[in-house]
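Take a look at the letters that make up each chain.
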Amino acid sequence: MSMQNRAWSGKSEGTTWMHRCLLKIFRLMPPPFVYPIVYCWIIVSIIIQKSGRRGIYHYWKDIQKHNTFSSVKNLYLSYLEFGKSVLDRFAVWAGRHIDIKIVNSEILDNLTCKPGGFIILNSHIGNQELAGYTIKMTKEAYVLTFTGDAKTINENRNSKFEEMGLHIIPVKEDGSHIFEMHNAVIGGNILSVHGDRMFYGDRQLKASLLGREASFPEGPFRVAVAEQVPVITLFMMRKNYREYTLYVCQLSDGTYKSSNHKEQAKELLDIYTKNIEHILDKYPKQWFHFYEFWKQ
């Protein structure tokens, strides 16, 4: 299965030259002075990205139940929020500081203080990657990462991850990354993996999300229940260019009602989607799936 055959490519936009220019700009001036770039970029992106435009419009119109005018307006605002989140990432790479308020920090503290590994099931909601750049863990952490981005993106991501004690497990076509994931958890470390991004050919689990059935990759949830370790999710949500709130949510303590692994995975998925719904009630514009999520 080719890694290019996916519902969403996972690649960030822009060229290496553009990325390097942004880094230089952020070293000279704070994000608010750079945000006007986003206003120009949004118009172009909405025009040329037919799939992304359609996916976000249907999210507002069919899922959030807004009228046509409100859906078009929120389509623009969603792109705006995403653009600012991307620029915030470049700002941190350039050395800019952000303030983070952590909700339910005791969950994270307890898990990092106790022996044994645990799993973080992430999502493409909010500025998840930024959490990895700014929250220092007391345990070794391994992050399953798509490495097909531009050279500048990968270099800066790797540099910040290394600085924060995070190790990258690259997604591999032959699926061998599954063994690295297992070794990370049984070694008493943290494993971070996304649970909401389908690739063509992935085995699926179905669950209701915002009132409509959606597909999720079975793999992350099967791995989580097979390891029988605690599972949490994190949401790094943007307030403004200097303020973010990190929500820590417990999904499982490693035990489940059923003894069947597939049923356990579905149980974990249902809890995961409930947490997504709760955070989207607060931050509906930070839904960053720019394709037809409910029609994969």
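Caption draft 1: The arrangement of helix H9 (residues 218-227) in detail. Burial of H9 is extensive: seven of the 10 residues sit out of reach of the surface. A positive backbone phi angle near 55° is found at Gln228, which sits one or two residues after H9.

Caption draft 2: Spotlight on the nonpolar core. The biggest cluster of nonpolar side chains holds 84 residues, and the ones touching the most others in it are Phe216, Phe221, Ile232, Leu268 and Trp287. At eight residues, helix H4 (residues 68-93) tops the list of elements feeding residues into this core. For Phe221, the contacting residues outside a window of four places in its chain are Leu121, Gly195, Leu205, Phe216, Ala265, Leu268, Leu269 and Tyr272.

Caption draft 3: Representation of the pattern of salt bridges in the model. Applying the stated criterion to the full structure yields seven salt bridges. Across the pair Asp88 and Arg238 runs a salt bridge, and its minimum N-O distance is 2.7 Å. With Asp88 in helix H4 and Arg238 in strand S8 (residues 231-240), this pair connects stretches of sequence that are 150 residues apart. You can call Asp88 buried: its relative accessible area is 1%. For Arg238, a relative accessible area of 7% gives the class buried. Close ionic contact of Lys266 with Asp270 constitutes a salt bridge, the shortest N to O distance being 2.8 Å. Of this pair, Lys266 and Asp270 both sit in helix H10 (residues 261-282), four residues apart, roughly one helical turn. Judged by relative accessible area, Lys266 falls into the partly exposed class, the value being 29%. What you see here is one network of salt bridges that share partners, running through Glu81, Asp88 and Arg238.

Caption draft 4: Up close: the environment of Lys139. Structurally, Lys139 can be placed in the loop between helix H6 (128-134) and strand S3 (141-145). Residue Lys139 is classed as buried on the basis of its relative accessible area of 12%. Distance from Lys139 to Gly165, taken between C-alpha atoms, is 8.4 Å for residues 26 residues apart in sequence. If sequence neighbours within four positions are ignored, Lys139 has contacts with Leu111, Thr112, Lys114, Pro115, Gly116, Gly117, Phe118, Gly188 and Ile190. Among the polar contacts made by the side chain of Lys139, one reaches the main-chain carbonyl oxygen of Leu111 at a distance of 3.1 Å.

Caption draft 5: Region of interest: helix H2 (residues 36-48). Here H2 spans 19 Å end to end across 13 residues, near enough to the 18 Å set by a 1.5 Å rise per residue. For H2, every residue scored as buried is listed here: Val38, Ile42, Ser45 and Ile46. Looking at the packing, one finds that the buried side of H2 touches helix H3 (50-63) and H4.

Caption draft 6: Layout of unusual backbone geometry. Even without being a glycine, Lys65 presents a positive backbone phi close to 65°. By secondary structure assignment, the location of Lys65 is in the loop between H3 and H4. With a phi angle near 55°, Leu210 is a residue other than glycine that sits in the positive phi range. As for its placement among the helices and strands, Leu210 is situated in the loop between strand S6 (204-209) and strand S7 (212-217).

Caption draft 7: Highlighting the packing of aromatic side chains. Evaluation of the coordinates by the stated rule reveals 17 aromatic pairs. Ring plane angle 65° and centroid distance 5.0 Å describe the contact between Phe82 and Phe288, whose orientation is recorded as edge-to-face. With Phe82 in helix H4 and Phe288 in the segment after H10, this pair connects stretches of sequence that are 206 residues apart. Ring plane angle 25° and centroid distance 5.2 Å describe the contact between Trp287 and Trp294, whose orientation is recorded as stacked. The same class applies to Trp287 and to Trp294, which are both buried.

Caption draft 8: Examining the pairing of S3 more closely. For S3, a buried count of four out of five residues is recorded, marking the element as mostly surrounded by other parts of the structure. Here S3 runs beside strand S4 (residues 166-170); their pairing, made up of five bridges, is parallel. Residue Leu144 lies in a different strand from S4, and its bridge partner there is Ile169. Summarising the sheet, S3 and strand S5 (residues 190-194) pair through three bridges and their orientation is parallel. Its bridge partner being in S5, Tyr142 is matched across the sheet by Leu191.

Analysis parameters
Residues numbered from 1 in each chain as written. Predicted model: local features only at pLDDT ≥ 70, side-chain atom pairs only at ≥ 80, totals over all residues. Heavy atoms only, no water. Buried < 20%, exposed > 50% of the residue type's maximum accessible area, 1.4 Å probe, protein only. Helix = DSSP H or I, 4+ residues; strand = E, 2+ residues; numbered from the N terminus. Core = buried A, V, L, I, M, F, W, Y, C linked by side-chain atoms within 4.5 Å. Contact = heavy atoms within 4.5 Å. Salt bridge = Lys/Arg side-chain N within 4 Å of Asp/Glu carboxyl O. Polar contact = N/O pair within 3.5 Å; in protein donor to acceptor, adjacent residues only side chain to side chain. Expected span 1.5 Å × (residues − 1). Phe/Tyr/Trp six-rings, centres within 6.5 Å; stacked < 30°, edge-to-face > 60°. Pairing = 2+ DSSP bridges.

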